[in-house]
Amino acid sequence: MAKVAILVPYEDMCELTRAIVNQYQHINPLWIEYTHTNEIEQRAAQLVQQGCELIVARGTQASAVKRSVHIPLVEMRVTTQELAGVILQLKKEINIPCPRIGLVGFANMIKDTSHFNELFEVELQSYLVESQTELPDMVAKALKEGCQGVVGGDIVCGTASRYKIPSRFIPAGVESIRDALRIASNMCYAIDLEKHNSAEIDAMLNHTSSGIMQVNHEGVLQRMNRVAYDLLEQRPQDIIGCHIMDIIPGLNQKILEDALYTGKEAYAFALDIRRKVVLMNIAPVQVDGENAGAIFTFHESQQIIEMSSELRRELYQRGFIARYNFDNIVCAGKESAAVVSLAKRISKFAAPILLTGEAGCGKGIMAQCVHNDSLLRNNAFVTMACSVWLPE
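Structural notes, computed from the coordinates. Since the structure is predicted, the reported quantities are computational estimates derived from the model, not experimental observations. (Residues numbered from 1 in each chain as written. Predicted model: local features only at pLDDT ≥ 70, side-chain atom pairs only at ≥ 80, totals over all residues. Heavy atoms only, no water.)

## Examining the packing of helix α1 (residues 11-20) against helix α8 (residues 174-206)
Piece 1. Interhelical geometry of α1 versus α8 gives an angle of 55° and a closest axis separation of 10 Å. Considering the angle they form, α1 stands oblique to α8. Of the two elements, α1 crosses α8, and the hand of that crossing is right-handed. Residues Met13, Leu16, Thr17 and Ile20 of α1 touch α8, and the partners they reach there are Val174, Ile177, Arg178 and Leu181.
Piece 2. Tallied by class, residues from the contact of α1 with α8 come to six nonpolar, one polar and one charged. (Axes fitted to C-alpha atoms, helices over the stretch in contact; angles between N-to-C directions. Helix = DSSP H or I, 4+ residues; strand = E, 2+ residues; numbered from the N terminus. Parallel < 35°, antiparallel > 145°, perpendicular 65-115°, else oblique. Left-handed = near helix turned anticlockwise from the far one by under 90°. Contact = heavy atoms within 4.5 Å. Nonpolar A, V, L, I, M, F, W, Y, C, P; charged D, E, K, R; others polar.)

## Focus on the sheet that holds strand β6 (residues 123-129)
Piece 1. Pairing is parallel in the open sheet, where four strands are placed in the order β6-β5-β7-β8. Looking at which strands have only one partner, the edges of the open sheet turn out to be β6 and β8 (167-169). Ignoring which end each strand starts from, the neighbouring axes of this sheet average 20° apart.
Piece 2. Bridge analysis of strand β5 (residues 100-106) against β6 gives seven bridges, and the strand direction is parallel. Bridge pairing links Val104 to Tyr127 in β6. (Pairing = 2+ DSSP bridges.)

## Looking at the pattern of salt bridges
Piece 1. Tallied over the entire structure, the rule returns 13 salt bridges.
Piece 2. Put simply, Glu123 and Arg100 hold a salt bridge, and the shortest N to O gap is 2.6 Å. Note that Glu123 is positioned in strand β6 and Arg100 in strand β5, a separation of 23 residues in sequence.
Piece 3. The class for Glu123 is partly exposed, based on a relative accessible area of 25%.
Piece 4. The closest approach of N and O atoms between Lys254 and Asp258, which form a salt bridge, is 3.0 Å. Here Asp258 and Lys254 lie together in helix α12 (residues 253-261), a separation of four residues that amounts to about one turn.
Piece 5. Given a relative accessible area of 54%, Lys254 falls into the exposed group. (Salt bridge = Lys/Arg side-chain N within 4 Å of Asp/Glu carboxyl O. Buried < 20%, exposed > 50% of the residue type's maximum accessible area, 1.4 Å probe, protein only.)

Shown next as structure tokens:
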């Protein structure tokens, strides 16, 4: 089950939570604890490091958790019934028809109160804040705007006491805890399903002979299998979250952009990765017609390009060997230097190359140089007579 931490701002809420949390079968509450607001961000970070997958928190503590960590969060909110009880108590104390009451609290704690005036014959004014430091000022504002009483938390009630106006504390009741736990249970169920599906996918990926990588629509690596890690000679924690061009610098930028932005597939192009020749395919991923990333599959060309050692030996014995490389060529002029430079660049691509020129200009030597500089340099070099060339 998903590992859950329930952080509460009052100690009595711990006992209330422990008494009912076992009623929710999908929640595995490893941590139910009172945490001071000043320490909540540090504690949330520690929980994530300890494997926590979901946090339940209330008010300003929930806002702090949301800022500090990136795991799912369930916010406890005061239920309508709990708030209504407090409002009626304060109305009875004020003892005037339709009193004006200020509701001072955090925006992420309060549910809809739009019909309170007609239901309870009060004039309810909401003063919602995002930070704890704003609470005293809001109490002063409520008093200035004619409120005969306020409801809120400890700070609100303490400030109201100094101003000598009636106040009521909004308690953390069982209903609000139940609401939060119900939502948390549903989220835990979804997390468990996702973990199950991910485990199945990882098992399939790690038991295939091909390397597999998944990137998002920005080209950032999301997942890889064991074969891919071994080929790249990298640890998962070092490359997950990096851009694919940083991981495989030799990848053609245009091929990647075509896959990510236009949904164009790419098949069987060769790359040199860690001094190993691999054959790669790119399959775009689309969700509802929108590009959502791409899947890379690749494996060493040892398995599909290179000939068997016996066949290569036989061809070598027959003299099918490229003897020349670019280091043997002496360029005396700018034109020949430009031709050699172009040949070096295009020799890295897994595509046919047409060499033209008059007899005796050295096309055969250039072809051997291109072969020895290409990704297929380990294969034999075989010449063919091309005295007749037909466009079709």
